[in-house]
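So the chains spell out like this:
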Amino acid sequence: MLEKIKNWMRNNKGFCVVILLCFVLAAILLVIFIGMLTSKSSNKYGNRLSGIEDVKIDKEVYDGVKEEVLSTEAVEDVNIRLQGKIVYTTIVLKEETTLDKAKEIASNTLDNYSEEELKYYDFSYFLKWNNEEGITVITGNKHNNFDSITWIKDKE
């Protein structure tokens, strides 16, 4: 019986290699799958927020940004929230505010954050206008590796 198996394997070497590779691949996938199921991470962000305790943004900073933005005559309302590593700032502008002025207001908010905060957090901006056509929204983002805001959509 053992001799018949050896002869068959000698005559079908390619097929045996393919079967062996399939078993190895199946074992690797099984180990990865079990590892994913038994992962002890209960945080939805995984380890992406490691070190955030060292770079906390104080409430006073948010209040300073809000106060600065609201002191501008072109602004109706401002809302700032932190989610994970992203600081979301929504600025509601008066209808007559120009796009360039709105971008300037948003860019000036970055001066309130420390260099360490700017290097750790990403900043996302939503500039909103209420007008006859409805609501116009311009979005911009500042990645922690960049110095300025990149605007996604222009109003004009």
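Residues numbered from 1 in each chain as written. Predicted model: local features only at pLDDT ≥ 70, side-chain atom pairs only at ≥ 80, totals over all residues. Heavy atoms only, no water.

You can see Ile-86 is positioned in strand S2 (residues 86-93). On the accessibility criterion, Ile-86 (27% relative accessible area) is partly exposed. Each C-alpha atom of the pair Ile-86 and Phe-123 lies 5.5 Å from the other, and the pair is 37 residues apart in sequence. When sequence neighbours within four positions are dropped, the list of residues in contact with Ile-86 reads Arg-81, Asp-122 and Ser-124. (Helix = DSSP H or I, 4+ residues; strand = E, 2+ residues; numbered from the N terminus. Buried < 20%, exposed > 50% of the residue type's maximum accessible area, 1.4 Å probe, protein only. Contact = heavy atoms within 4.5 Å.)

Another point: the packing of aromatic side chains. For any two aromatic rings, the description comes down to two numbers: the centre-to-centre distance and the angle of the planes. All told, the structure shown has five aromatic pairs when counted by the stated rule. Residues Tyr-113 and Phe-123 carry aromatic rings whose centres are separated by 4.7 Å and whose planes lie at 55° to one another, so their mutual orientation is tilted. Residue Tyr-113 is found in the loop between helix H4 (99-108) and helix H5 (115-120), and its partner Phe-123 is found in strand S3 (residues 122-131); the two are separated by 10 residues along the sequence. Residue Tyr-113 is classed as buried on the basis of its relative accessible area of 5%. Plain terms: the ring middles of Tyr-120 and Tyr-121 are 5.1 Å apart, the flat faces sit at 80° to each other, and that makes the pair edge-to-face. Tyr-121 matches Tyr-120 in its accessibility class, with the two residues each being buried. The ring of Tyr-88 has Arg-81 sitting right over it, with the charged end atom 4.3 Å from the ring centre. When the ring centre of Tyr-120 is taken as reference, the NZ or CZ atom of Lys-85 above it lies at 4.6 Å. (Phe/Tyr/Trp six-rings, centres within 6.5 Å; stacked < 30°, edge-to-face > 60°. Lys NZ or Arg CZ within 6 Å of the ring centre and 35° of its normal.)

We now examine the sheet that holds strand S4 (residues 134-142). Sheet architecture is open: five strands sit in the order S1-S2-S3-S4-S5, paired in mixed fashion. A strand with exactly one partner marks an edge of an open sheet, and here the two such strands are strand S1 (75-83) and strand S5 (150-151). Pairing between S1 and S2: eight bridges, direction antiparallel. Each residue of the ladder has a partner; that of Val-75, found in S2, is Leu-93. Strand contacts of helix H3 (residues 59-70): S1 and S2, with the helix running at about 160° to S1, the strand carrying the most contacts. Packing of H4 onto the sheet brings it into contact with S1, S2, S3, S4 and S5, and relative to S3 it is tilted by some 145°. (Pairing = 2+ DSSP bridges. Axes fitted to C-alpha atoms, helices over the stretch in contact; angles between N-to-C directions.)

Glancing now at the side chain of Thr-97. In this fold, Thr-97 is placed in the loop between S2 and H4. In this structure Thr-97 comes out as buried when scored by relative accessible area, which is 6%. A polar contact is formed between the side chain of Thr-97 and the backbone oxygen of Lys-94, at a distance of 2.9 Å. (Polar contact = N/O pair within 3.5 Å; in protein donor to acceptor, adjacent residues only side chain to side chain.)

Another point: the environment of Phe-126. Assignment of secondary structure puts Phe-126 in strand S3. By relative accessible area, which is 26% here, Phe-126 ends up partly exposed. Counting along the chain gives 95 residues from Phe-126 to Val-31, while the straight-line C-alpha distance between them is 44 Å. With sequence-adjacent residues up to four places away left out, Phe-126 is seen in contact with Tyr-88, Thr-89, Thr-90, Ile-91, Val-137, Ile-138 and Thr-139.

Distances and angles like these do not, on their own, reveal function.
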